[in-house]
Amino acid sequence: MKAVFTYLTGGRAGQAVVVEKSYAMLGRAPQADVRFGPDHDLPVSGRHAAVVFRDGEWILRDLSSTNGTFVNGERIKGEHQLGDQDLIRLGDGGPMLRFGVIRDTWRPSDSPPPVPSEPPAEPERVHATTAVPRTPLSTATAAGDDDGRFVVPVTATRQRAPWVAAILIVTVLGSLGGLATWRARASKGAVDERAVLLAQADSLFSTLEAIGHRDTRISGALDGAKAETARLRSRIRRAPRDQQVLAPLRDSLDRLASSFERLAAAAALDAQQIARANEASLALVEATSEDGTRRVAAAFTATGTGGKLVFVTVDGILRDSAGQTATTITVRLPGTDRALKTRLLAAQGTLNTAILEVPRGSNAGSPPTLATGIGGGLIGQAAVLLGYPSAPQDSAMAAPAQATALAAVTIANENLLQLEPLGGALAPGSPVFDRSGTLIGMLLPGGPDDRLLNAVPAPAIAAFLAGSTGDR
């Protein structure tokens, strides 16, 4: 009996590995049998887990990994007996695999392993007369080159629940496991590989169309992804049916597919619930220098030394080009148009973080929960930014209007949090929340066209709050 592991998410999404021996290791180490990318799949340990075929059963064993091993959403301890079509995740927020059993009678030319979403039956050959669904992308291209494609449209839903993100991602990328089998057969000449790549491009485009109906805040990122998919598909369509020519196009399509899980996760995230829970803790800071220059930033409440309520914001906006502290610092709280005077209590230049006094009599909200640790498990996950638009606001404005934005975490450790914006720009000082609503960082200043944004990690903010006299 053999086992097949289909990569549903992560750096190798859409690929599959067949295990034909009684012991196989999963991890990022070069000698791993089921290998993960050293740069993309950071939640996975070098020797993360192993599968053992024993007494007619496949057993999954965690090898004391850093971030744990999960089967169907539950973390395992010790050994776990696997069932056909179980979902395995390596590390909290790490890449997901689908485990399948291949009976001894299986041959490479037989039907592909079953997939959860019941895709259309796989044809033995690609025929021009085959009737298949068409996406907005495929109908815009020449019909003669695009007949006989396998297209998997994804139905959008407005339902919001903790498991929606996982369903979206698995649905989005699960169909690629079938396409991986098509690729294996294409290498043996049974299927036209160019048709397989066109089918995968169509499936990705359909997915992006479906995701676009869920959240307009990521429309910019979706438009860019759709344009990139369309360009790549056009190159595939014009390419000759030659393995050497198609190989780099296949690799580009694989990288594109692995990046789409971030968009699916962001679309499924309930940003509004996180915003409602934390909106009262926000404030808009306005700093005016002696020369009349005005700068604005977001701030959020936190617990300072001695349990005192304070505001946390970006130190840079409180100083002019000469490094002098602003002559006037005010805060505006949600639901009021009053500008309340405040003062700088402490600052940490290395972190670009400042602590402000909460004016007496102000109705500041309770502090959000700060993450006690930041680890690689956050990489690839969606994050919610809560704050105010980054464009300068009129000094005579009324109650500040809050906004949310979405981002994907690209680097996460105790010293740095890096984000890829997925649409929308917010002012520096905006708090960053993970999918559970825990504050994981504070946004630092950046350019409007920056591809990546930096944020101060929550543990560094907590340490500053706990014992800071600052370096004012």
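Preceding this section is the structure that the text describes.
These lines cover the structure that appears in this document, whether it is placed above or below. None of the values given here were measured: they were computed from a predicted structure. Each chain has its residues counted from 1, following the order in which its sequence is written. Side-chain atom pairs in this predicted model are given and counted only at pLDDT of 80 or more, local residue features only at pLDDT of at least 70, and totals for whole chains, interfaces and linings cover all residues. Only hydrogens and water are removed before side-chain values are computed, so all heavy atoms of the structure are retained for them.

**What about the overall build of the protein chain?**
Operational definition: The numbering of helices and of strands both runs from the N terminus, where a helix is a DSSP run of H or I of at least 4 residues and a strand a run of E of at least 2. Using a 1.4 Å probe on the protein chains alone, a residue whose accessible area is under 20% of its type maximum counts as buried, one over 50% counts as exposed, and one in between counts as partly exposed. Note on contacts: a residue pair qualifies if any of its non-hydrogen atoms lie within 4.5 Å across the two residues. The accessible surface values rely on the Shrake-Rupley method and a 1.4 Å probe; as for residues, cover is taken only from the protein chains in view.
The secondary structure content of the protein chain amounts to eight helices and 24 strands. Burial status across the protein chain gives 51% buried among its 472 residues. The long-range share in the protein chain, meaning contacts at least 24 apart out of those at least 6 apart in sequence, stands at 61%. Within the structure as shown, the protein chain displays about 20800 Å² of accessible surface, and the carbon and sulfur contribution to it stands at 49%.

**Notes on the pattern of salt bridges**
Worth spelling out the cut-off: Salt bridges are defined by distance alone: a side-chain nitrogen of Lys or Arg within 4 Å of a carboxyl oxygen of Asp or Glu.
Within this structure, the stated rule accounts for seven salt bridges. Connected through salt bridges with shared partners, the residues Arg54, Arg61 and Glu79 form a single ionic network.

**Observations regarding the sheet that holds strand β4 (residues 34–35)**
Heads up, the condition is: A pair of strands is considered paired only if DSSP assigns at least 2 bridges between the two.
Overall, mixed pairing links the five strands, which are arranged β4-β3-β5-β6-β9 in an open sheet. The open sheet has two edge strands, β4 and β9 (79–81), and neither has a second partner. Summarising the sheet, strand β3 (residues 23–27) and β4 pair through two bridges and their orientation is parallel. Bridging across to β4, Leu26 finds its partner in Val34.

**Some points on the pairing of strand β17 (residues 344–348)**
For β17 and strand β18 (residues 353–357), the ladder comprises four bridges, and the chain directions are antiparallel. When the bridges of β18 are listed, Ala347 appears paired with Ala354. In textbook terms, the turn of a hairpin is the stretch between consecutive antiparallel strands, and for β17 and β18 this stretch comprises four residues, one of which, Asn352, has a positive phi near 55 degrees.

**Looking at the packing of aromatic side chains**
In plain terms, the rule: Two aromatic rings, drawn from Phe, Tyr or Trp (for Trp, its six-membered ring), form a pair once their centres lie within 6.5 Å of each other, and the interplanar angle then sorts them: stacked below 30 degrees, edge-to-face above 60, tilted otherwise.
Scanning all chains against the criterion turns up four aromatic pairs. Seen from their ring centres, Trp58 and Phe99 are 6.3 Å apart, and the 65 degrees between their planes marks the pair as edge-to-face. Of this pair, Trp58 sits in strand β6 (residues 57–62) while Phe99 sits in strand β11 (residues 96–102); the two residues are 41 residues apart in sequence, bridging distant segments of the chain. Judged by its relative accessible area of 2%, Trp58 falls in the buried class. Under the relative-accessibility criterion, Phe99 is labelled buried at 0%. By the ring-pair criterion, three or more aromatic residues cluster together here, those being Phe5, Phe53, Trp58 and Phe99.

**Focus on the nonpolar core**
Within soluble globular proteins, side chains that are nonpolar generally end up buried alongside one another. As a reminder, the rule being used: Throughout, nonpolar core names a set of buried Ala, Val, Leu, Ile, Met, Phe, Trp, Tyr and Cys residues whose side chains join them through atoms within 4.5 Å.
Counting 51 residues, the largest nonpolar core has Leu385, Leu417, Leu419, Ile461 and Leu465 as its most contacted members. Looking at this core element by element, the count peaks at six residues for strand β20 (residues 403–412). Of all hydrophobic cores here, the second largest spans 22 residues; its members include Leu26, Trp58, Leu82 and Leu97.

None of this, on its own, says anything about what the molecule does.
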